[in-house]
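# Topology and contacts: notes
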Amino acid sequence: ALKPLLECTLAALTSRTTTSPPHALRLRWPGVQTDLASCSYARGYAAQGYDDSNKSSWNETPGKVLKPEIKASAEAQRQKNRRKLIQREAMVKRNRRIHATGGQPSAMLAVIDDVYDDMDVVDVATAFQRVAKRCGTALMRKQDGSQTWSRLSERLSALGAHAFSRQKRGHNAIYVLWAHAKVEMRVPDRTSAFEMLRELNSSMESHLDEFEPTRLAVLLWCWAKIQDSCVDGLQGVPPDDVRARAAKLVLCHVEALGPRDICNLLWSCAKSKVPLDDQAFEHIQKWLKLFQVTDALTSQDASVLLWSFADLQHQPDTDVLQLLERSLVDDISRALPKTISNGMWALAKFDHTLDDTSLLQIDAYVAEDRPWRSQDIGQLLWAWAKLGHSPSQSAMSAIDRRVRHLMDHFNEKDLANTMYAWARLGHTPETSDIASAERRATMLFDNMSMQELTNVMYGLESQVSRHMPQHALLSRVAGRIHESTDQQLIHLLRNFYAMSYDMGHGAMNRVRDRITSMEGDSERGPKFYANLLWLFASMRYHPGAEAMDSMSRTCANFSHMLIPRHVGATLFAWNKLGYVPDLDVWDRFCAGMSSTLLTKEWSARQLTYALWALGNMRPWRKPRAEHIAQIVALLDQSDVRGTILSSNGLLRQLYQANSLMRLGDDDGEAPLLVLPEDLLVRGHEEWLKGGDEYRSYGQHEVSAALARAGISNEQEILIPETPFKVDIWLDGARMAVEVEGPTHYTRTSPTVDPSATHMTLARRIWMHACGVRCLY
């Protein structure tokens with residue numbers, strides 16, 4: 001069926017005659033869309049416009065005789081092609097003029113004024129792109145910048161979004177969106193700009209599947225960037241489902257993307273909160289591993305990828321993290337501080353241990369003179385603290401200079417991160433810098449979250465030996481402490497205790513009421529209550545019988561889950577607050593402690609303290625012999641024994657515990673505690689030598705008053721044949737005087753008389769049992 005058509009085509013091509021116009025050689029045969037085998041020669045030729053009045057011409061000189069209407073159509077097509085060619089040449093000239101401006105607003109404005117009426121979508125998109133690329137967010141500060149943008153926006157409105165809809169690949173529409181994203185929507189008429197962007201987005205939504213994957217990645221980046229600039233209810237991006245569909249289309253062709261396209265995709269998904277499934281992440285990671293793009297990735301690309309992975313809460317494989325780490329530092333000399341801080345923040349989020357060489361390169365980079373922002377400083381310091389990296393002295397000195405210079409620009413998060421890092425890194429900035437940070441925190445207080453306040457307090461507490469915070473800040477933090485989470489509450493109470501700051505019974509009572517109102521909360525474990533009991537006791541605050549019962553029940557019910565430190569904290573609190581748990585709580589707590597002794601690793605200090613605390617509780621709650629035997633068996637281990645023998649303080653405490661356990665034993669009753677002979681002998685020797693002497697101001701005053709009255713006395717004396725030391729000993733009267741300060745008492749409110757702690761009461765019981773008279 002094609003043979004006659006091919007023969008006449010060949011004849012026309014080889015003919016030297018010019019009677020047939022060139023366009024007549026463009027043969028088209030609609031019949032091929034049906035059934036070629038059933039088409040007759042005549043029907044096929046007639047369909048192409050050949051005159052069927054002379055059938056003999058079919059095999060001789062086909063194509064020379066045309067119908068008149070075909071001739072007219074051909075001429076019209078030639079004229080149309082000529083006009084298109086002229087228009088294209090004019091467009092090329094305009095584009096060359098636009099490119100020649102280099103994006104300079106004043107030069108661009110002159111070109112726009114000259115060709116305004118002739119500018120089409122290509123010219124407008126090119127002009128937008130060139131100006132935005134040249135000036136960025138500084139466009140409106142440039143000479144003629146605002147006027148240039150306004151003129152382009154006017155022409156864009158005149159053309160309308162429908163002019164872009166005819167361009168299925170969407171290049172020019174994306175250029176316009178990219179320009180608005182590049183200047184972060186800092187344009188003269190934001191409302192009109194957002195309206196035009198919505199129209200452009202609508203014109204592209206129906207044919208996103210026709211876009212190239214790389215163009216879609218740029219489009220997603222533009223949408224995410226513009227979304228950041230949406231204020232006052234203005235919206236310039238399509239709905240979430242449209243963006244998710246675009247992201248899915250890109251991921252279907254991930255192998256066609258370059259490093260920058262992958263960065264645009266992940267960053268936009270992170271910024272726009274577009275979720276990606278595990279399969280999508282797997283495809284991206286395979287692409288990174290397959291092509292080994294470490295040489296193709298710049299520091300900025302690596303930083304963007306790391307930040308996006310972290311913000312999307314996806315943990316990359318270790319080899320991918322190592323790849324991105326190398327890319328981050330290989331090009332570090334040309335990187336911006338923002339790039340390094342973002343990359344380090346993400347690596348710290350992943351708990352990724354950096355290579356020593358990489359850390360040294362970053363330290364050297366930080367020590368150089370570069371334009372750092374407060375956000376960059378806060379993120380980098382937080383990352384160092386999280387990773388446990390101690391930077392070089394030169395790097396920290398450079399950071400301190402920048403902190404000092406930029407302190408007035410720190411926002412709440414940056415300040416909190418910086419002060420948190422001071423504490424975690426053990427860094428000691430200058431006193432003036434600490435005071436400046438405190439003043440900044442006071443200024444920003446109302447806008448700070450409780451987590452930020454917790455970090456600020458942690459930083460101030462770490463510097464308390466060099467700078468005591470002002471009451472103005474501490475009282476405001478205490479007033480908001482009831483807003484904190486459980487973990488934040490524990491940290492804040494620790495900070496106040498370390499600063500020796502009295503929060504006042506009002507703030508402490510609010511904490512107590514919050515705890516008792518949520519008794520039985522399944523999310524709270526026994527460790528929380530053990531820590532809280534210890535802090536209440538350390539701060540000499542008695543929360544009352546109801547709160548003590550509530551917290552003690554929880555600790556007893558889950559005592560098998562406690563670690564050794566929390567077992568000791570609970571016993572310490574009971575002793576310090578003078579609390580006697582009921583028998584059921586005591587038995588369950590001791591049973592849990594027995595389980596912990598078998599399953600957890602106890603240090604020598606923890607074992608010794610447990611014995612000493614149980615000894616102090618003995619007058620009210622007698623521990624079981626099997627529990628004491630468990631502790632003694634652990635004390636007899638070689639490593640524990642060696643630690644105790646090398647510590648004079650542990651030996652003295654162990655001797656005290658032994659004496660406490662023996663007090664009150666009935667005649668003939670087996671003693672509760674039987675220490676190994678060598679530990680007992682060494683403990684007694686150290687006890688007789690005496691420990692570090694602490695003489696309070698009140699003790700000196702009492703001793704001096706007795707001396708003025710003619711009563712001879714001595715301070716800090718070990719009473720012969722007794723296991724304790726007294727503050728003042730009156731040798732002539734064979735009497736002791738104990739000067740008991742506030743640490744010996746607790747009270748629930750300022751209007752209630754203080755009550756003695758168990759340790760104080762136990763000491764009195766010892767002295768009475770040993771026949772020593774004492775004044776308190």
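Rules of the game
Residues numbered from 1 in each chain as written. Predicted model: local features only at pLDDT ≥ 70, side-chain atom pairs only at ≥ 80, totals over all residues. Heavy atoms only, no water. Helix = DSSP H or I, 4+ residues; strand = E, 2+ residues; numbered from the N terminus. Buried < 20%, exposed > 50% of the residue type's maximum accessible area, 1.4 Å probe, protein only. Areas by Shrake-Rupley, 256 points an atom, 1.4 Å probe, with all protein chains shown as cover. Contact = heavy atoms within 4.5 Å. Phe/Tyr/Trp six-rings, centres within 6.5 Å; stacked < 30°, edge-to-face > 60°. Lys NZ or Arg CZ within 6 Å of the ring centre and 35° of its normal. Arc of directions from axis to C-beta. Salt bridge = Lys/Arg side-chain N within 4 Å of Asp/Glu carboxyl O. Core = buried A, V, L, I, M, F, W, Y, C linked by side-chain atoms within 4.5 Å. Expected span 1.5 Å × (residues − 1). Polar contact = N/O pair within 3.5 Å; in protein donor to acceptor, adjacent residues only side chain to side chain. Pairing = 2+ DSSP bridges. Axes fitted to C-alpha atoms, helices over the stretch in contact; angles between N-to-C directions. Parallel < 35°, antiparallel > 145°, perpendicular 65-115°, else oblique. Left-handed = near helix turned anticlockwise from the far one by under 90°. pLDDT = per-residue confidence, 0-100. Nonpolar A, V, L, I, M, F, W, Y, C, P; charged D, E, K, R; others polar.

## Observations regarding the overall build of the protein
- The helix and strand tally for the protein stands at 36 helices and six strands.
- Taken across its 776 residues, the protein has 50% of its residues classed as buried.
- When the accessible surface of the protein is summed, it comes to about 37800 Å², and 50% of that surface belongs to carbon and sulfur atoms.

## Topic: unusual backbone geometry
- Here the phi dihedral of S500 falls at roughly 55°; this positive angle occurs in a residue that is not glycine.
- Structurally, S500 is set in the loop between α24 (486-498) and α25 (505-517).
- The backbone phi angle of R540 is positive, close to 55°, even though this residue is not glycine.
- Topologically, R540 is positioned in the loop between α26 (526-538) and α27 (545-557).

## Points about the environment of I490
- Position of I490 among the secondary structure elements: in helix α24.
- Classification of I490 by relative accessible area gives buried; the value is 8%.
- Residues I490 and Y529, spaced 39 residues apart in sequence, show a C-alpha to C-alpha distance of 9.6 Å.
- Excluding residues that lie within four positions of it along the chain, I490 makes contacts with F528, N531, L532 and L535.

## Quick notes on the packing of aromatic side chains
- Taken as a whole, this structure holds 14 aromatic pairs when the rule is applied.
- Arranged with centres 5.8 Å apart and planes meeting at 50°, the rings of Y420 and Y458 form a pair that is tilted. With a gap of 38 residues between them, Y420 in helix α20 (residues 412-425) and Y458 in helix α22 (residues 450-462) connect regions that are remote in the sequence.
- Taking the centre distance of 6.3 Å and the plane angle of 45° together, the rings of W574 and Y579 count as tilted. In terms of burial, W574 and Y579 fall into one category: buried.
- Members of the aromatic cluster, connected to one another through ring pairs, are W574, Y579, W586 and F589.
- Positioned over the ring face of Y116 is R155, at 5.6 Å from the centre of the ring.
- Here the guanidinium or amino end of R480 rests over the ring plane of F445, the centre of that ring lying 5.2 Å away.

## Focus on helix α4 (residues 105-115)
- Within α4 the residues assigned to the buried category are P105, M108, L109, V111, I112 and V115. Viewed along the axis of α4, the buried residues span an arc of 165°, placing them on a single side of the element.

## Thoughts on the pattern of salt bridges
- Tallying each qualifying case throughout the model produces 26 salt bridges.
- For R404, the salt bridge goes to E430, with nearest N and O atoms at 3.8 Å. In this pair, R404 is assigned in helix α19 (residues 393-406) and E430 in the loop between α20 and α21 (431-444), connecting sequence segments 26 residues apart.
- Using a relative accessible area of 40% as the deciding quantity, one classes R404 as partly exposed.
- E430 gets classed as partly exposed once you look at its relative accessible area, which sits at 45%.

## Quick look at the nonpolar core
- Judged by nonpolar contacts, the single largest core of 209 residues is most densely connected at W384, F496, M503 and W574.
- Per element, the largest residue contribution to this core is nine residues, and it comes from helix α30 (residues 604-617).
- Setting aside its immediate chain neighbours within four residues, F496 contacts M457, L474, V477, A478, I481, Y501, M503 and M539.
- I719, V726, A736 and V772 belong to the second largest nonpolar core, which has seven residues in total.

## Regarding helix α5 (residues 121-135)
- Taking 1.5 Å as the rise per residue, α5 with 15 residues should run 21 Å; its terminal C-alpha atoms sit 21 Å apart, in good agreement.
- Buried residues dominate α5, accounting for eleven of its 15 residues.
- Residues of α5 that are buried: V121, D123, V124, A125, T126, A127, F128, Q129, V131, A132 and C135.
- The distance from a side-chain oxygen at the start of α5 to the backbone nitrogen of V122 is 3.2 Å, and the residue carrying that oxygen is D120.
- Where α5 ends, the next residue or the one after it, G136, has phi of about 65°, a positive value.

## Examining the sheet that holds strand β1 (residues 714-718)
- Read from one edge to the other, the open sheet built from four strands follows the order β1-β2-β3-β6, with strand pairing classed as mixed. The open sheet is flanked by β1 and β6 (773-775), the only strands paired with a single partner. In this sheet, adjacent strand axes meet at a mean angle of 45° when their direction is disregarded.
- As paired elements, strand β3 (residues 735-737) and β6 share three bridges and run parallel to each other. Along β6, the bridge assignment pairs V737 with L775.
- Here helix α35 (residues 697-708) sits on the sheet in contact with β1, β2 (725-730) and β3, set at roughly 15° to β2.

## So, the side chain of N417
- Here N417 is to be found in helix α20.
- Judged by its relative accessible area of 10%, N417 is buried.
- Leaving out residues up to four positions away in the same chain, N417 has contacts with G378 and W382.

## Considering the packing of helix α28 (residues 564-576) against α30
- Two elements in contact, α28 and α30, have axes separated by 9 Å at closest approach and are oriented at 25°. Taken together, the axes of α28 and α30 are roughly parallel relative to one another. As for the relative orientation of α28 and α30, their crossing is left-handed in sense. Of the residues in α30, those in contact with P564, R565, G568, L571, F572, W574 and N575 of α28 are Q606, Y609, A610, A613, L614, N616 and M617.

## Comments concerning the confidence of the model for the protein
- For the protein, the mean per-residue pLDDT works out to 82, and 85% of the residues sit at or above 70.
- Ranking the elements of the protein by mean pLDDT puts helix α2 (residues 41-47) last, at 47, and α20 first, at 96.
- Confidence drops under a pLDDT of 50 for residues 16-64, and excluding neighbours within four residues, the segment shows 51 contacts in the predicted structure.

## A closer look at the environment of P742
- In this structure, P742 sits in the loop between β3 and β4 (745-746).
- A sequence separation of 14 residues divides P742 from A756, and the C-alpha atoms of the two residues are 9.5 Å apart.

## Side note on the packing of helix α16 (residues 337-349) against helix α18 (residues 374-387)
- Across the interface, α16 lies against α18 with an axial gap of 8 Å and an inter-helix angle of 30°. In terms of axis orientation, α16 runs roughly parallel to α18. Relative to α18, the crossing made by α16 is left-handed. On α18, the residues that touch P337, K338, S341, N342, M344, W345, L347, A348 and K349 of α16 are D376, Q379, L380, W382, A383, W384, K386 and L387.
- Looking at the contact of α16 with α18 residue by residue, the class counts come to ten nonpolar, three polar and four charged.

## Observations concerning the pairing of β2
- Along β2, six of the six residues are buried, which leaves the element largely enclosed by surrounding structure.
- Alignment of β1 against β2, held across four bridges, turns out to be antiparallel. Its bridge partner lying in β2, L718 is registered against K725.
- Alignment of β2 against β3, held across three bridges, turns out to be antiparallel. Bridge pairing links W729 to A736 in β3.
- Linking two consecutive strands that pair antiparallel, namely β2 and β3, is a turn of four residues; a positive phi of about 50° is found at R734 within it.

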